[in-house]
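# Survey of secondary and tertiary structure
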Amino acid sequence: MEEKKLNLTLKIWRQPAPDAAGSFQEYKISVSPDTSFLEMLDELNNELESKNLDPIAFESDCREGICGTCGLVINGHPHGPLPKIATCQLHMRNFKDGDTIWVEPFRAKAFPVIKDLMVDRSAFDRIMEAGGFISVNTGSVPDGNTIPIPKDIASEAMDSASCIGCGACVAACKNASAMLFVSAKVSQFALLPQGQPERYRRVQAMVKKMDELGFGACSNTYACEAECPKGISIKNIARMNREFIAAKVKTEEVDA
Ligand code: SF4
């Protein structure tokens, strides 16, 4: 039996270079409902290349919702209309025959467009370099397991650590705030014994770098939590604020 295909109109943001003007271009495509969103873009690119046209630039790596590399604004939602999935996990069966789909890059001053749907998210790397690590040798897995940690604390740390650094929280926020991302990274260490020696330096350095890089402030709209593919809770933002105040009281300000 012949497979039923979806006939779609795509309005895709095309921008040839960072400083060039961009605009939405219209494409028609007929795809299987079983195709993933990124596979649909692959098919479209195959068509464009077969006509010697410039393919659409977009990012992907693992295509399993793990790496955080993909990320598009689809019909106004970072990672598309479904909750708690990355763009690579979105399938075309979630759209209807005849739909028009708008596809844009993540938009934030700190994430400049490189080309089309690709943005430069290295600002997140700069924040991690400022303090998102433990600089001492904490041993191997058996060493870690010798430190008793209450189950509820370990689970909270793991929940925070599940942030994949995709940037959807920034794209969802009207202020382009990176507070959900930074707070998840601060929390994953602040909750565990291994994170204690650098705890107060870390939160000050990461917040300072976040502000320097042009991310906006949090105004508690919860849009970040709603669009996060990993369900990172804004409880982390409250924890980061507490950590930050405690750091100001307990330690000297960091220079970095
Ligand atoms: S907090 Fe969520 S949306 Fe933000 S970078 Fe992490 S996984 Fe992505």
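Going by what an unreviewed UniProt entry lists, the chain is known as Succinate dehydrogenase/fumarate reductase iron-sulfur subunit and is assigned to Melioribacter roseus. Word for word, the UniProt comment on the chain under Sequence similarities (unreviewed entry) is "Belongs to the succinate dehydrogenase/fumarate reductase iron-sulfur protein family."

Right, let's talk about the overall build of the chain for a bit. Looking only at helices and strands, one finds nine helices and seven strands in the chain. Referenced to the eigenvectors of the C-alpha coordinate spread, the extents of the chain come out at roughly 65 × 45 × 30 Å. Buried residues in the chain amount to 45% of all 256 residues. When the accessible surface of the chain is split by element, carbon and sulfur atoms take 52% of a total near 12900 Å². The distance from the centre of the 29 positive side-chain charges to the centre of the 34 negative ones in the chain is 5 Å.

Taken together, five strands build an open sheet; the order of strands is E2-E1-E5-E3-E4 and the sheet is mixed. This sheet does not close on itself; its edge strands, each paired only once, are strand E2 (23-31) and strand E4 (77-78). Pairing geometry for strand E3 (residues 73-74) and E4, over two bridges, is antiparallel. Bridge pairing in E4 places Ile74 opposite His77. Seen against the sheet, helix H1 (residues 37-50) touches strand E1 (6-14), E2, E3 and strand E5 (100-104) and runs at an angle of roughly 100° to E2.

Attention shifts here to helix H6 (residues 179-190). Helix length check: H6, at 12 residues, gives a terminal C-alpha distance of 15 Å against a target of 16 Å (1.5 Å per residue), a fit within 8%. For H6, the buried fraction is high: 12 of the 12 residues fall into the buried class. Turning to H6, the residues buried within the fold contact helix H2 (122-131), helix H4 (151-161), helix H5 (168-172), helix H7 (199-212), helix H8 (223-227) and helix H9 (235-250).

Pairing analysis gives four bridges linking E1 to E5, with the strands arranged parallel. Looking at the pairing, Ile12 lines up with Val103 of E5. The pairing of E3 with E5 spans two bridges and is classified as antiparallel. Opposite Val73, over in E5, you have Glu104 as the bridge partner.

It is worth spelling out the packing of aromatic side chains at this point. Enumeration over the complete set of coordinates arrives at seven aromatic pairs. Each ring, one from Phe111 and one from Phe124, has its centre 5.3 Å from the other, and the planes form 75°; the classification is edge-to-face. Highlighted residues: Phe111 in the loop between E5 and strand E6 (113-115) and Phe124 in helix H2, separated in sequence by 13 residues. With relative accessibility at 1%, the residue Phe111 sits in the buried group. The interplanar angle of 35° and the centroid separation of 5.9 Å between the aromatic rings of Phe124 and Phe215 together place this pair among those described as tilted. Here Phe124, found in helix H2, pairs with Phe215, found in the loop between H7 and H8; they are 91 residues apart in sequence, far enough to count as distant.

Here the focus is the site of the ligand. Surrounding the ligand, one finds 13 residues, the nearest of these being Cys163, Cys166, Gly167, Cys169 and Cys228. One can see that the ligand is located within the second largest cavity. If you list the elements that add at least two residues to the shell around the ligand, you get H5 and H6. Looking at side-chain class alone, the shell around the ligand contains 11 nonpolar, two polar and no charged residues.

Here is what the cut-offs are and how they apply
- Residue numbers restart at each chain and count upward from 1, following the sequence in its written direction.
- Side-chain atom pairs in this predicted model are given and counted only at pLDDT of 80 or more, local residue features only at pLDDT of at least 70, and totals for whole chains, interfaces and linings cover all residues.
- The basis for every side-chain value is the complete set of heavy atoms in the structure, and neither hydrogens nor water enter the calculation.
- UniProt positions are given in the numbering used here, feature names are shortened, and annotations may be inferred rather than shown by experiment.
- Helix numbers and strand numbers start at the N terminus; a helix is a DSSP run of H or I with at least 4 residues, a strand a run of E with at least 2.
- Throughout, exposure labels follow a simple rule: accessible area from a 1.4 Å probe, protein chains only, divided by the maximum for the residue type, with under 20% read as buried, over 50% as exposed, and the rest as partly exposed.
- Per-residue and other accessible areas were derived by the Shrake-Rupley procedure at a 1.4 Å probe size, with only the shown protein chains allowed to occlude residues.
- Lys and Arg are tallied as positive, Asp and Glu as negative. Neither His nor the chain termini are counted.
- For the purpose of locating charges, the reference atoms are NZ of Lys, CZ of Arg, CG of Asp and CD of Glu.
- Here, strands pair whenever DSSP counts at least two bridges between them.
- By definition in these notes, contact holds between two residues if any of their heavy atoms fall within 4.5 Å.
- Note on geometry: axes are C-alpha line fits, over the in-contact stretch for helices, and angles between N-to-C directions span 0 to 180 degrees.
- Expected helix span is given by 1.5 Å per residue-to-residue step, counting one fewer step than there are residues.
- Any two of the Phe, Tyr and Trp rings considered here, Trp counted by its six-membered ring, make a pair once their centres fall within 6.5 Å; the pair's planes then place it as stacked at under 30 degrees, edge-to-face at over 60, or tilted in between.
- Residues are counted as near a molecule or strand when any one of their heavy atoms sits within 4 Å of it.
- For each structure, a 1 Å grid was placed over the protein atoms alone; sets of points admitting a 1.4 Å probe that cannot get out are labelled cavities, open sets with protein on both sides within 12 Å along at least five of seven lines are labelled pockets, and lining residues have an atom within 4 Å of a point.
- Those molecules having more than half of their atoms within 2 Å of a cavity or pocket grid point set are described as sitting in that cavity or pocket.
- Residue polarity is assigned by list, with Asp, Glu, Lys and Arg as charged and Ala, Val, Leu, Ile, Met, Phe, Trp, Tyr, Cys and Pro as nonpolar; anything else, Gly included, falls into the polar class.

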